[in-house]
Amino acid sequence: MNKTLLSLGHGFSAQALADRLVPQGWRVIGTTRKPEKFAQLEAQGVEPLLWPSDIRQPLAEATHLLTSAGPDAEGDPILREAYDTIAKVASNLEWVGYLSTTGVYGDHDGGWVDETSPTEPATVRGQRRVKSEQEWMNIPDLPVHVFRLAGIYGPGRGPFAKLRKGVAQRVIKKNQIFSRTHVDDIAQVLEASINAPNPGRIYNVCDDDPQPPEVVIEYAAHLLGMEPPPAVPFEEAEMSPMARSFYSDSKRVRNDRIKDELGVTLKYPDFKSALHAMLEEETK
């Protein structure tokens, strides 16, 4: 049977999944708000679809659904446009993935969280995510799986790009710990879940090595042969409200479930192995 993935909000993580599925013969339909991206998507083997648009036909043809669009002040943008359409075909879908964030756990002062930890976000962004997760999970007969992603990096996105652009900061905040995940590991977790559906399940997607942000910047600078940017106290750092909000949460995220239930072996279990691989790929 042919498999078709409808990817709503076809961004960085969704494209990494498509890169795994298309060579296997999957049909992938990806939405974008920018017509100028059509050629790029087509070159990657993805059928572009302008959003917002009528998705009744592609949804009727889809066996799998992935939604990557984050909620805004008015709620989940996908459900706002297409709730009824999705609800009508819910029982026809084999698998649905919702990409969320570990920000839903809120601040744990550097402590550990797992999928059973309460969702108590202090930020508006996190609160919107919790609400959106629940809205997707509440659609009757929809086989939803929630993936709570840690800080995402990968080719073209991460400390190397920021250092080269001269916008990287070594921000120092006491007891600040982040978990991270490479986009390739997100893709393999999603594929593993597709191959072993368990509707209603929640998975944290992150590596094994939570670290303070300044440690990653320092190591990336070392690999590039650059001096790391000067240390800046958090209170004095120039950051957008969005960037500053990330520093309101400090926690270490456990990833045992993706290993124990989905059989995933992380390609990049720590940031050092990932940065080395990224730099090696760039120099080929």
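Scroll up for the structure.
Residues numbered from 1 in each chain as written. Predicted model: local features only at pLDDT ≥ 70, side-chain atom pairs only at ≥ 80, totals over all residues. Heavy atoms only, no water.

## Regarding the overall build of the chain
Put simply, the rule is: A run of H or I in DSSP counts as a helix once it spans at least four residues, and a run of E counts as a strand once it spans at least two, with each numbered from the N terminus. For this measure, only C-alpha atoms enter the radius of gyration; the expected value for a globule follows 2.2 Å times N^0.38, where N is the number of residues. Categorising residues by exposure relies on relative accessible area from a 1.4 Å probe, with only protein chains included: less than 20% of the type maximum marks a residue as buried, more than 50% marks it as exposed, and the intermediate range marks it as partly exposed. Throughout, a contact is declared for two residues whenever any of their heavy atoms are within 4.5 Å. Methods summary: accessible areas were calculated by the Shrake-Rupley approach with a probe of 1.4 Å, and residue burial reflects only the protein chains presented. In this tally, Asp and Glu contribute negative charge and Lys and Arg positive charge; neither His nor the terminal groups of the chain are included. By convention, the point assigned to a charge is CZ for Arg, NZ for Lys, CD for Glu and CG for Asp.
Each helix and strand counted, the chain has 11 helices and 13 strands in total. Against the 2.2 N^0.38 benchmark of 19 Å for 284 residues, the chain shows a C-alpha radius of gyration of 19 Å, consistent with a compact globule. When the 284 residues of the chain are sorted by exposure, 50% land in the buried category. For the chain, restricting intrachain contacts to residue pairs at least 6 apart in sequence, the fraction spanning at least 24 positions comes to 80%. Here the chain has roughly 13500 Å² of accessible surface; of this, 49% comes from carbon and sulfur atoms. Of the side-chain charges in the chain, 32 are positive and 40 negative, and the distance between the mean point of each set is 2 Å.

## Things to note about the packing of helix 8 (residues 213-224) against helix 11 (residues 271-282)
Selection criterion: To define axes, lines are fitted to C-alpha atoms, for helices over the stretch in contact only, and angles between the resulting N-to-C directions are given on a 0 to 180 degree scale. What makes a crossing left-handed is the near helix being turned counterclockwise from the far one by less than a right angle; a clockwise turn instead makes it right-handed.
Close contact between helix 8 and helix 11 brings their axes to 11 Å; oriented N to C, the two are set at 35 degrees. Considering the relative orientation of helix 8 and helix 11, their crossing is right-handed. Of helix 11, the residues touching helix 8 (which contributes Val215, Val216, Tyr219, Ala220, Leu223 and Leu224) are Phe271, Lys272, Leu275, His276 and Leu279.

## Here we look at the side chain of Thr123
Heads up, the rule is: For the purposes of these results, a polar contact is taken to be a pair of N or O atoms within 3.5 Å, where, inside protein, one atom must be able to donate a hydrogen and its partner to accept one; residues adjacent in sequence count only when each atom of the pair is a side-chain atom.
With respect to the helices and strands, Thr123 occurs in the loop between strand 6 (112-113) and helix 5 (124-137). Classification of Thr123 by relative accessible area gives buried; the value is 12%. Within polar-contact distance, the side chain of Thr123 engages the backbone nitrogen of Gly126 at 3.0 Å.

## So, the pattern of salt bridges
As a reminder of what qualifies: Salt bridges are defined by distance alone: a side-chain nitrogen of Lys or Arg within 4 Å of a carboxyl oxygen of Asp or Glu.
This model, assessed by the stated rule, comprises 16 salt bridges. Close ionic contact of Arg27 with Glu61 constitutes a salt bridge, the shortest N to O distance being 2.7 Å. Highlighted residues: Arg27 in strand 2 (residues 27-32) and Glu61 in helix 3 (residues 56-61), separated in sequence by 34 residues. A residue is classified by how much of its surface remains accessible, and Glu61, at 32% relative accessible area, is partly exposed. For Arg148, the salt bridge identified is with Glu133, shortest N-O distance 2.7 Å. Taken together, the residues Arg148 in strand 7 (residues 144-149) and Glu133 in helix 5 connect sequence positions 15 residues apart. Each member of the pair, Arg148 together with Glu133, is buried. Members of the salt-bridge network, linked through shared partners, are Glu115, Arg201, Arg257 and Glu261.

## Thoughts on the packing of aromatic side chains
Under the convention used in this document: Note on aromatic pairs: the rings of Phe, Tyr and Trp (six-membered ring only in Trp) are paired at centre separations within 6.5 Å, and the planes decide the class, stacked below 30 degrees, edge-to-face beyond 60, tilted for the rest. A ring has a charge above it when a Lys NZ or an Arg CZ is no more than 6 Å from the ring centre and no more than 35 degrees off the ring normal.
Throughout the structure, instances matching the rule amount to six aromatic pairs. Ring centres of Tyr219 and Phe271 lie 5.8 Å apart, and the angle between their planes is 90 degrees; this geometry places the pair in the edge-to-face category. Highlighted residues: Tyr219 in helix 8 and Phe271 in helix 11, separated in sequence by 52 residues. The two residues Tyr219 and Phe271 agree in class, both being buried. Grouped by ring-pair contacts, the aromatic residues Trp95, Phe147 and Tyr203 constitute a single cluster. Against the face of Phe246 rests Arg125, its NZ or CZ located 4.2 Å from the ring centre.

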